[in-house]
Amino acid sequence: MTDQIARIRITLEDMKPTIWRRVELPVTNSLKTLHLAIQASMLFENYHLFRFDIGDAAYGIRFDDDEFMIRTRDAANMRISKLVERGITSCTYTYDFGDNWRHRIEIEAVQPATPGVDYPRFVDGERRAPPEDVGGTMGFEEFLEAMAKPRHPARASMVEWYGGVFDPADISPGEINARMAKLAKRRARGKAAHANAAFRVD
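Let me sum up the structure you'll find in this document. (Residues numbered from 1 in each chain as written. Predicted model: local features only at pLDDT ≥ 70, side-chain atom pairs only at ≥ 80, totals over all residues. Heavy atoms only, no water.)

**A few points about the nonpolar core**
Grouped together as the largest cluster of nonpolar side chains are 44 residues, with contacts concentrated most on Ile8, Leu31 and Phe52. Per-element tally for this core: the top contributor is helix 1 (residues 31-42), with 7 residues. With sequence-adjacent residues up to four places away left out, leucine 31 is seen in contact with Phe52, Ile54, Tyr59, Ala75, Met78 and Leu83. (Core = buried A, V, L, I, M, F, W, Y, C linked by side-chain atoms within 4.5 Å. Buried < 20%, exposed > 50% of the residue type's maximum accessible area, 1.4 Å probe, protein only. Helix = DSSP H or I, 4+ residues; strand = E, 2+ residues; numbered from the N terminus. Contact = heavy atoms within 4.5 Å.)

The structure is reproduced here in structure tokens:
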């Protein structure tokens, strides 16, 4: 049976020009895998906590109620197919509660997998995402301003901190594809292990 694939658009909120990516994942994948695909396509480093807010429920790294945090369910236990079955086509994904990078997640389509294509995969996108720990929206705006002006007083320190010159138009598709390929290999190994277990005779 052909896998069903969800085409998903990821848009970083409160950014002009818009920073966005489009990825494709099997609907059998969990929200945790979607999180990893977002990290890969945005070139984040998975250093911080994350959360998907879907209606009244939150999914991420599981922890129970306390007076400071929202009760969060394990993202590994919610599959994309469940969202599709419930008619849910959009939600919010937040990464790094300090910098507070909020993303709009939209399921644009569900379609049969293309034979010979490895999933998850990156489709397209525009504009480079902020570097880790840049200081949220305001910090990123200051960072971009410094990078854009060779005589800006903070430019040298910003270049040193970042490790080079930041090009906001360069999304580095080769690096994104390499990261997504690692996710696809992990999925292929998991499917192979499952198939071997199914045919194992004790």
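**Quick notes on unusual backbone geometry**
Working note: non-glycine residues mostly have negative phi, and peptide bonds are mostly trans. Along the chain, lysine 16 connects to proline 17 via a cis peptide bond; the corresponding omega equals -5 degrees. If you trace the backbone, proline 17 turns up in the loop between strand 1 (4-12) and strand 2 (19-26). In this structure, proline 120 follows tyrosine 119 across a cis peptide bond, with omega equal to 0 degrees. For proline 120, the position within the fold is in the loop between strand 7 (101-112) and strand 8 (121-126). Backbone geometry at aspartate 96 places phi at a positive 65 degrees, although glycine is not the residue there. You can see aspartate 96 is positioned in the loop between strand 6 (90-95) and strand 7. One non-glycine residue, asparagine 100, lies in positive phi territory at about 60 degrees. Tracing the backbone shows asparagine 100 in the loop between strand 6 and strand 7. Taking the relative accessible area as the measure of exposure, asparagine 100 reaches 37% and is therefore partly exposed.

**Re helix 1**
Three or four residues apart is the spacing at which side chains of an α-helix point the same way, because the helix has 3.6 residues per turn. The end-to-end C-alpha distance of helix 1 is 16 Å, a good match for the 16 Å that 12 residues give at a rise of 1.5 Å each. Counting buried positions along helix 1 gives 10 out of 12 residues, so the element sits mostly inside the fold. The opening residue of helix 1 is serine 30, an N-cap whose side-chain oxygen sits 3.2 Å from the backbone nitrogen of lysine 32. Downstream of helix 1 by a residue or two, leucine 43 has a phi angle that is positive, lying close to 60 degrees. (Expected span 1.5 Å × (residues − 1). Polar contact = N/O pair within 3.5 Å; in protein donor to acceptor, adjacent residues only side chain to side chain.)

**Observations concerning the pattern of salt bridges**
Close approach of charged atoms allows side chains with opposite charge to pair. This structure, assessed with the given rule, holds 10 salt bridges. Glutamate 13 is paired through a salt bridge with arginine 102; the nearest N and O atoms lie 3.4 Å apart. On the criterion of sequence distance, the pair formed by glutamate 13 in the loop between strand 1 and strand 2 and arginine 102 in strand 7 is long-range, its members being 89 residues apart. Given the relative accessible area of 24%, glutamate 13 is considered partly exposed. On the accessibility criterion, arginine 102 (33% relative accessible area) is partly exposed. Here aspartate 124 makes a salt bridge to arginine 22, at a shortest N to O gap of 3.0 Å. Taken together, the residues aspartate 124 in strand 8 and arginine 22 in strand 2 connect sequence positions 102 residues apart. A residue is classified by how much of its surface remains accessible, and arginine 22, at 14% relative accessible area, is buried. (Salt bridge = Lys/Arg side-chain N within 4 Å of Asp/Glu carboxyl O.)

Keep in mind these values describe shape, not function.
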